[in-house]
Amino acid sequence: MKAAVVVFPGSNRERDIALALERASYTKPAYVWHGDTELPAGTDLVVLPGGFSYGDYLRCGAMASLSPVMRAVKDHAARGGYVIGVCNGFQILAEAQLVPGVLMRNASLKFVCRDVHLKVEATDTAFTAGYRPGQVIRVPVAHAEGNYFADDETLNRLEGEGRVAFRYCDEAGEVTAAASPNGASRNIAGVFNDRRNVLGMMPHPENMTEAVVGGTDGALLFDSLAKALA
Ligand SMILES: NC(=O)CC[C@H](N)C(=O)O
């Protein structure tokens, strides 16, 4: 798997996700600067990491979505190439309209940093094939604007087309409002684009990849990608 991790001014999880990818694929990803106009030749997977690109000015991800590199990212996705955006990366994907919906301020109006439980909703994708359908996993969130919103028609379409990747749930797998850290529509924590080669998700699987630092539930996502893109 040849992965390229895009670094924006203000990104802060690029190393974490690069390590998770290297652990899964035994290959070091390339780092690509936001001002670059091309991806390294042969890139299979583009990664938009978490952080505070452009200091979250205007709206989280709004300015980054217009960075020079994003044209190459859009071309890559249009060719069927894989893209994952985590947290600020999800916000950038939404602002770039590579996935539907928007990320609003958390319902609490507070930055939320804690572990959450997620129900894996779609397992027939390159990103999630390693999980069991309905599996409940634990990964951290760390964001102020993770309140996913889309209109009902869009949400119904996402659900009907198997494009909800993850939902916030409690430890037992119950999808309840109380289990959501941010008030997201229908507890949605991650969504795919129409071809399901682009995934945006708020939680951080890259920060749950080693037992010694809390668990390995996030590692399966990178293992799935490494297997699919081997
Ligand atoms: N960890 C992150 O990527 C944070 C995303 C964004 N800056 C927010 O607070 O919502």
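Residues take numbers from 1 onward in each chain, read along the sequence in its written order. Where local features are concerned, this predicted model is filtered to residues with pLDDT of at least 70; where side-chain atom pairs are given and counted, the filter is 80 or more; whole-chain, interface and lining totals use all residues.

- An unreviewed UniProt entry lists the chain under the name Phosphoribosylformylglycinamidine synthase subunit PurQ, with Zavarzinia compransoris as the source organism.
- A UniProt comment under Subcellular location (unreviewed entry) is attached to the chain, and it reads "Cytoplasm".
- UniProt positions are given in the numbering used here, feature names are shortened, and annotations may be inferred rather than shown by experiment. On record in UniProt, under Subunit (unreviewed entry), the comment for the chain is "Part of the FGAM synthase complex composed of 1 PurL, 1 PurQ and 2 PurS subunits."

Quick look at the nonpolar core
Move 1: Core analysis: the biggest nonpolar cluster contains 70 residues, and V5, V6, V47, L93, L118 and A165 have the highest contact counts within it.
Move 2: Throughout, a residue-residue contact means that the two C-beta atoms, derived from backbone geometry, are no farther apart than 7 Å. Sequence-distant contacts of L93, that is, excluding residues within four places in its chain, are made with L48, G85, L98, V99, V198 and G200. By definition, a nonpolar core groups buried Ala, Val, Leu, Ile, Met, Phe, Trp, Tyr and Cys residues that are joined through C-beta atoms within 7 Å. Counts of 20 or more other C-beta atoms within 10 Å of a residue's own C-beta define buried residues, counts of 12 or fewer define exposed ones, and intermediate counts define partly exposed ones; C-beta atoms are placed from the backbone.

Quick look at the UniProt feature "active site" (unreviewed entry) in the chain
Move 1: Using the residue numbers shown here, the UniProt feature "active site" (unreviewed entry) corresponds to C87, H204 and E206. Considering the C-alpha atoms alone, the annotated residues occupy 120 residues of sequence yet fold into one spot, their largest mutual distance being 11.0 Å.
Move 2: Looking at where C87 falls in the secondary structure, it is placed in the loop between β4 (82-86) and α3 (88-95).
Move 3: With 30 C-beta atoms counted inside 10 Å, the residue C87 sits in the buried group.
Move 4: Excluding its chain neighbours within four sequence positions, the residues that come into contact with C87 are G50, A142, H143, M202 and H204.
Move 5: Runs of E in the DSSP output that reach at least two residues are strands. Runs of H or I that reach at least four are helices, and both are numbered from the N terminus. Considering the arrangement of structural elements, one finds H204 in the loop between β11 (198-201) and α5 (219-228).
Move 6: Apart from the residues lying within four places of it in its own chain, the contact partners of H204 are R13, G50, V86, C87, V139, P140, V141 and A142.

Here we look at helix α2 (residues 69-78)
Move 1: The complete set of buried residues in α2 reads V69, M70, V73, H76 and A77. The arc that holds every buried residue of α2, seen down its axis, measures 115°, which confines them to one face. The exposed set on the far side of α2, more than 90 degrees from its buried face, consists of D75 and A78.
Move 2: At the C-terminal side of α2, G80 shows a positive phi close to 95°. This arc is taken over the directions from the axis of the helix to the C-beta atoms.

Quick word on the site of the ligand
Move 1: Being near a molecule or strand means, for a residue, that its backbone-placed C-beta atom lies within 6 Å of it. Taken together, G50, G51, F52, D56, C60, C87, N88, A142, H143, A144, E145 and G146 form the complete shell of residues around the ligand.
Move 2: Gly is put with the polar residues, along with every residue not named as nonpolar or charged; the nonpolar set is Ala, Val, Leu, Ile, Met, Phe, Trp, Tyr, Cys and Pro, and the charged set is Asp, Glu, Lys and Arg. Split by residue class, the shell around the ligand holds five nonpolar, five polar and two charged.

Side note on unusual backbone geometry
Move 1: One non-glycine residue, Y26, adopts positive backbone phi at about 55°.
Move 2: The residue Y26 is located in the loop between α1 (14-25) and β2 (30-33) in this model.
Move 3: Look at N187: it is not a glycine, yet its phi comes out positive at around 60°.
Move 4: Of note, N187 is situated in the loop between β9 (164-169) and β10 (188-192).
Move 5: On the neighbour-count criterion, N187 (20 C-beta atoms within 10 Å) is buried.

Re the environment of V102
Move 1: Among the structural elements, V102 can be located in strand β5 (residues 102-104).
Move 2: The partly exposed category is assigned to V102, around which 15 C-beta atoms lie within 10 Å.
Move 3: Linking V102 and F90, residues 12 residues apart in sequence, is a C-alpha distance of 9.3 Å.
Move 4: What V102 contacts, discounting residues up to four positions off in sequence, is A94 and F149.

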